[in-house]
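# Inside the fold
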Amino acid sequence: MALTLEDLTFDNRFTHDLPGDPAELNRPRQVHNAAYSFVEPTPTSSPQLLAHSAEVLADLGLAPEVAATDEFLRVFSGNATLVGMEPYAACYGGHQFGNWAGQLGDGRAIALGEIVTDAGVRHTLQLKGAGPTPYSRTADGLAVLRSSVREFLCSEAMFHLGVPTTRALSLTTTGDRVMRDMFYDGNPEWERGAVVCRVAPSFIRFGNFELPMSRDDTDLLRALADHTISLHFPDIADGRNSGFTTDDYVEWFAEVARRTADMIVHWQRVGFVHGVMNTDNMSIHGLTIDYGPYGWLENYDPGRTPNTTDRQFKRYRFGAQPHIGQWNVTQLANAIYPLVGDVDPLQEALTAYVDVFNHDWPRMMAAKLGIAEFDESRDPDLIHALLEQLPTIETDMTVFFRCLADVPTSTDASDDERLAAVAEADYDPTQRTGDSRDLLAAWLRDWSARVREAGRADAARSAAMNAVNPKFVLRNYLAQLAIDDADKGDPALISELLDVLRRPYAEQPGKERFAQKRPEWARVRPGCSMLSCSS
């Protein structure tokens with residue numbers, strides 16, 4: 001295990017394999033025929049390390065004591081670079097809220113370089129909030145504490161939930177102030193600046209392929225696809241760096257579609273709402289990327305979006321995420337069409353997304369209900385009956401499924417006993433009357449009969465349910481409380497939350513306050529319910 005950052009081995013294939021921006025002018029502009037622009041992070045005045053992920057540090061092959069060094073702080077706050085680093089900002093485009101937005105690019109993210117560990121695993125290190133790039137447009141390339149805390153914690157929370165995700169190595173404050181208009185209402189304020197070091201195999205997005213296609217730059221499009229396949233999809237590359245056939249491109253596309261569908265099934269499983277599923281926020285690896293105005297369902301509401309920008313049309317609402325995932329994958333198919341030259345194989349490959357989602361989603365839901373063997377003839381009705389029932393009154397999704405594991409299923413259990421076991425999930429128990437009570441009681445009877453029929457002992461069933469239904473998720477109000485404390489100079493709650501979220505499926509006695517429903521005060525408080533795209 002490496003004892004210093006200098007022991008890291010850099011292998012910067014993205015910048016070595018692909019054409020770069022010949023201009024060195026770091027100002028907003030259109031960049032053509034290039035996958036990236038070299039750019040240095042902006043030094044900060046007085047950085048301070050607030051938190052780091054011990055797990056990511058170990059994944060990078062670094063010893064625990066490295067995080068306590070001044071060098072670690074300087075490098076991951078943007079104040080120093082290591083020998084072998086080649087900092088750059090990537091050039092890409094994207095569809096935003098369904099509309100083509102043209103060139104976007106890394107406007108506030110700078111990749112430091114790619115390392116390869118002794119185990120042969122590749123990681124790209126990227127600073128978010130490290131200063132302007134040619135893709136910053138009218139912005140400053142910086143990030144503020146509130147968004148950085150949320151990104152750091154959520155990246156790690158999602159990993160421990162078992163959701164495919166990019167990771168976060170470190171969270172630092174900069175000592176500098178950043179002007180932000182949090183709700184775009186003409187009331188900007190100075191906020192504390194911060195930087196997150198994000199980690200992923202790469203940060204290649206659907207939009208990396210959309211932009212060259214939109215510009216008829218087939219040479220760059222092919223170079224990007226060949227780089228991606230050869231480096232990140234070895235089963236398809238089979239040792240090749242180039243010379244890929246149309247069949248190879250189609251096979252690669254189908255694999256991206258499958259990974260994307262798998263990711264979204266996991267989002268639906270834990271009640272996560274991404275909030276801004278633009279194509280430039282879709283990872284080619286099928287990883288959750290770009291934690292902006294995200295949230296978890298508090299009350300189960302398929303129409304829920306945490307994004308103020310999406311408040312009117314709710315394009316990226318929870319219930320629409322599966323459809324939007326397919327729409328985004330279709331845009332990737334359109335982007336790589338020039339490499340294939342035929343719609344039919346791409347259309348056929350697109351069914352990989354539908355097949356994976358349609359197969360995995362109902363089985364995921366059955367597992368949440370404690371049904372070990374999904375029965376296609378009747379379990380869909382049981383699942384959909386519950387999902388129609390849950391929104392009738394405010395019912396906390398996370399709490400409900402966790403409580404369901406403890407519902408008595410014996411034939412002599414009464415309706416009152418079963419209802420009492422899930423009552424904690426109701427935000428206003430007085431609403432559980434009339435049809436709402438009767439329908440849920442009937443559903444609990446049907447569910448009890450179904451799990452009894454499966455023949456699994458209650459203890460085993462309960463354990464299996466608790467292994468897929470988390471007790472602890474990063475509710476927005478918890479993140480906001482941690483932000484409030486950190487803004488006052490106390491990062492302790494960030495570390496405590498990080499520790500709790502490492503074991504989201506465990507009971508964790510003494511930490512019950514982190515599993516509570518959203519308190520009433522958080523319903524309307526900024527940062528606890530709706531969020532903007534503001535960084």
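Our structure's up above, just so we're on the same page.
Attention in this report is confined to the structure presented alongside it. As the structure is a computational prediction, the values presented were derived from the model and not from experiment.

Counting its regular elements, the chain contains 17 helices and twelve strands. Its C-alpha atoms give the chain a radius of gyration of 24 Å, near enough to 24 Å, the size a compact globule of 535 residues would have. The buried share of the chain, taken over its 535 residues, is 59%. Of the accessible surface of the chain, which amounts to about 20700 Å², a share of 51% is contributed by carbon and sulfur atoms. Averaged over its 50 positive side-chain charges, the chain has a centre that lies 5 Å from the centre of its 76 negative ones.

Right, let's get into helix H10 (residues 343–368). Look at H10: 38 Å from first C-alpha to last across 26 residues, which is about the 38 Å you get at 1.5 Å a residue. The N-terminus of H10 is capped by Asp-342, whose side-chain oxygen sits 3.2 Å from the backbone nitrogen of Asp-344. Positive backbone phi, approximately 85°, marks Gly-370, located one or two places after H10.

Here the focus is the pattern of salt bridges. Within the structure shown, the criterion is met by 37 salt bridges. Between Glu-394 and Arg-518 there is a salt bridge, with the nearest N and O atoms lying 3.9 Å from each other. One end of the pair, Glu-394, is in the loop between helix H11 (379–389) and helix H12 (397–404); the other, Arg-518, is in the segment after helix H17 (492–501), with 124 residues separating them in the sequence. Classification of Glu-394 as partly exposed rests on a relative accessible area of 25%. The salt bridge partner of Glu-520 is Arg-523, with a shortest N-O separation of 2.9 Å. Residue Glu-520 is classed as exposed on the basis of its relative accessible area, which comes to 55%. The class for Arg-523 is partly exposed, based on a relative accessible area of 28%. A single salt-bridge network, built from bridges that share partners, covers Lys-128, Glu-151, Arg-198, Arg-205 and Asp-290.

Before going further, it helps to spend a moment on the packing of helix H6 (residues 218–232) against helix H9 (residues 321–340). The geometry of H6 relative to H9 is characterised by a closest axis approach of 10 Å and an angle of 100° between their N-to-C directions. Considering the angle they form, H6 stands roughly perpendicular to H9. Facing Thr-218, Leu-221, Arg-222 and Ala-225 of H6, the residues of H9 in contact are Ala-335, Ile-336, Pro-338 and Leu-339. Broken down by class, the residue content of the contact of H6 with H9 amounts to six nonpolar, one polar and one charged.

With that settled, consider H9. If you check H9, its first and last C-alpha atoms are 28 Å apart, about what 20 residues at 1.5 Å a residue would give, namely 28 Å. The largest bend in H9 amounts to roughly 30° and is located at Asn-334, with the proline Pro-338 lying one to four residues further along. Positive phi appears at Gly-341, one or two residues downstream of H9, with a value of about 75°.

This part is about unusual backbone geometry. Even without being glycine, Asp-290 reaches a positive phi, approximately 65°. Locating Asp-290 in the fold gives a position in the loop between strand E11 (272–273) and strand E12 (295–296). You can call Asp-290 buried: its relative accessible area is 11%. A positive phi angle, close to 55°, is found at Lys-314, a residue other than glycine.

This part covers the packing of H9 against H10. Put simply, H9 and H10 touch, their axes get as near as 10 Å, and they point 155° apart. What the angle tells us is that H9 and H10 run roughly antiparallel. Regarding H9 and H10, the two cross each other, and that crossing is right-handed. In this structure, H9 uses Gln-321, Pro-322, Gly-325, Gln-326, Val-329, Thr-330, Ala-333, Ile-336, Tyr-337 and Val-340 to contact H10, whose residues at the interface are Val-343, Pro-345, Leu-346, Leu-350, Tyr-353, Val-354 and Phe-357.

Taken as a whole and assessed by the stated rule, the structure comprises 19 aromatic pairs. Where Phe-400 meets Phe-401, the ring centres are 5.5 Å apart and the plane angle is 90°; that geometry is what we call edge-to-face. For the pair formed by Phe-400 and Phe-401, the shared burial category is buried. In this structure an aromatic cluster arises from ring pairing among Trp-267, Phe-272, Tyr-291, Tyr-294 and Trp-296. Over the aromatic face of Trp-327 sits the side chain of Arg-315, whose NZ or CZ is 4.7 Å from the ring centroid. One Lys or Arg, Arg-518, reaches over the ring of Tyr-427 and ends 5.1 Å from the middle of that ring.

Once that is clear, we can look at the side chain of Arg-402. Residue placement: Arg-402 occurs in helix H12. Take Arg-402: its relative accessible area is 9%, and that puts it in the buried class. Ignoring any residue separated from it by four or fewer positions in sequence, one finds Arg-402 in contact with Asn-466, Asn-469, Pro-470, Lys-471, Tyr-505, Ala-506 and Glu-507.

Looking at where Gly-455 falls in the secondary structure, it is placed in the loop between helix H14 (434–454) and helix H15 (458–466). Note on Gly-455: relative accessible area 62%, which makes it exposed. Between the C-alpha atoms of Gly-455 and Val-196, which are 259 residues apart in sequence, the distance is 48 Å.

Summed over all chains, the structure comprises zero disulfides. Cys-197 takes part in no disulfide bond, and the closest cysteine sulfur, belonging to Cys-154, lies 17 Å away.

Ranked by internal contacts, the top residues of the largest apolar core, which has 127 residues, are Phe-209 and Leu-404. Looking at this core element by element, the count peaks at 13 residues for helix H8 (residues 246–270). What Leu-404 contacts, discounting residues up to four positions off in sequence, is Leu-369, Val-422, Trp-443, Leu-444, Trp-447, Arg-461 and Met-465. Ranked by size, the runner-up nonpolar core spans 34 residues in total, among them Phe-10, Val-31, Val-66 and Met-85.

Taken together, the side chains of Asp-235, Asp-238, Asp-247 and Glu-251 present a region of like negative charge at the surface. Relative to the helices and strands, Glu-251 is located in helix H8. Using a relative accessible area of 41% as the deciding quantity, one classes Glu-251 as partly exposed.

What counts, and where the lines are drawn
Residue positions are given per chain, counted from 1 along the sequence in the order it is written. Residue-level local features of this predicted model are given only where pLDDT is at least 70; pairs of side-chain atoms are given and counted only at 80 or more, and the full residue set underlies all totals for whole chains, interfaces and linings. As a rule here, side-chain values come from all non-hydrogen atoms in the structure, and water together with hydrogens is ignored. Secondary structure elements are defined from DSSP: runs of H or I of at least 4 residues count as helices, runs of E of at least 2 residues count as strands, and each element is numbered from the N terminus. C-alpha atoms define the radius of gyration, and 2.2 Å times the number of residues to the power 0.38 defines the globule rule. Throughout, exposure labels follow a simple rule: accessible area from a 1.4 Å probe, protein chains only, divided by the maximum for the residue type, with under 20% read as buried, over 50% as exposed, and the rest as partly exposed. Here the accessible surface of atoms and residues is derived via Shrake-Rupley with a 1.4 Å probe, and residues count as covered only by protein chains that are part of the display. Charge counting follows a simple rule: Lys and Arg are positive, Asp and Glu are negative, and His as well as the terminal groups are ignored. By convention, charge coordinates are those of NZ in Lys, CZ in Arg, CG in Asp, or CD in Glu. In this analysis, the expected span of each helix is defined as 1.5 Å times one less than the number of residues it contains. Think of a polar contact as two N or O atoms within 3.5 Å of one another; within protein, one of them needs to be a possible hydrogen donor and the other a possible acceptor, and neighboring residues in sequence only count if both atoms come from side chains. Think of a salt bridge as a Lys or Arg side-chain nitrogen and an Asp or Glu carboxyl oxygen that are within 4 Å of each other. Simply put, an axis is a line fit to the C-alpha atoms, just over the touching stretch for a helix, and the angle between two N-to-C directions goes from 0 to 180 degrees. Oblique is the label for any angle not covered by the other classes, which are roughly parallel (under 35 degrees), roughly antiparallel (over 145) and roughly perpendicular (65 to 115). The criterion used for residue contact is that any of the two residues' heavy atoms lie within 4.5 Å. Residues are grouped as follows: nonpolar covers Ala, Val, Leu, Ile, Met, Phe, Trp, Tyr, Cys and Pro; charged covers Asp, Glu, Lys and Arg; every other residue, Gly included, is treated as polar. To obtain the bend at a residue, axes are fitted to the seven residues ending there and to the seven starting there, and the angle between these axes is taken. Note on convention: near helix rotated counterclockwise from far helix by under a right angle means a left-handed crossing. Clockwise means right-handed. Planes of paired rings set the category: under 30 degrees apart is stacked, over 60 is edge-to-face and the rest tilted, where pairs are Phe, Tyr or Trp rings (Trp by its six-membered ring) whose centres lie within 6.5 Å. Only Lys NZ and Arg CZ are tested; either one counts as a charge over a ring when it is within 6 Å of the ring centre and within 35 degrees of the ring normal. A pair of cysteine sulfur atoms is labelled a disulfide when the two atoms are within 2.5 Å. Throughout, nonpolar core names a set of buried Ala, Val, Leu, Ile, Met, Phe, Trp, Tyr and Cys residues whose side chains join them through atoms within 4.5 Å. Patches here are clusters of residues that have more than 30% relative accessible area and form no salt bridge, with a 9 Å joining cutoff for like charges and a 5 Å cutoff for nonpolar side chains (Val, Leu, Ile, Met, Phe, Trp, Tyr).

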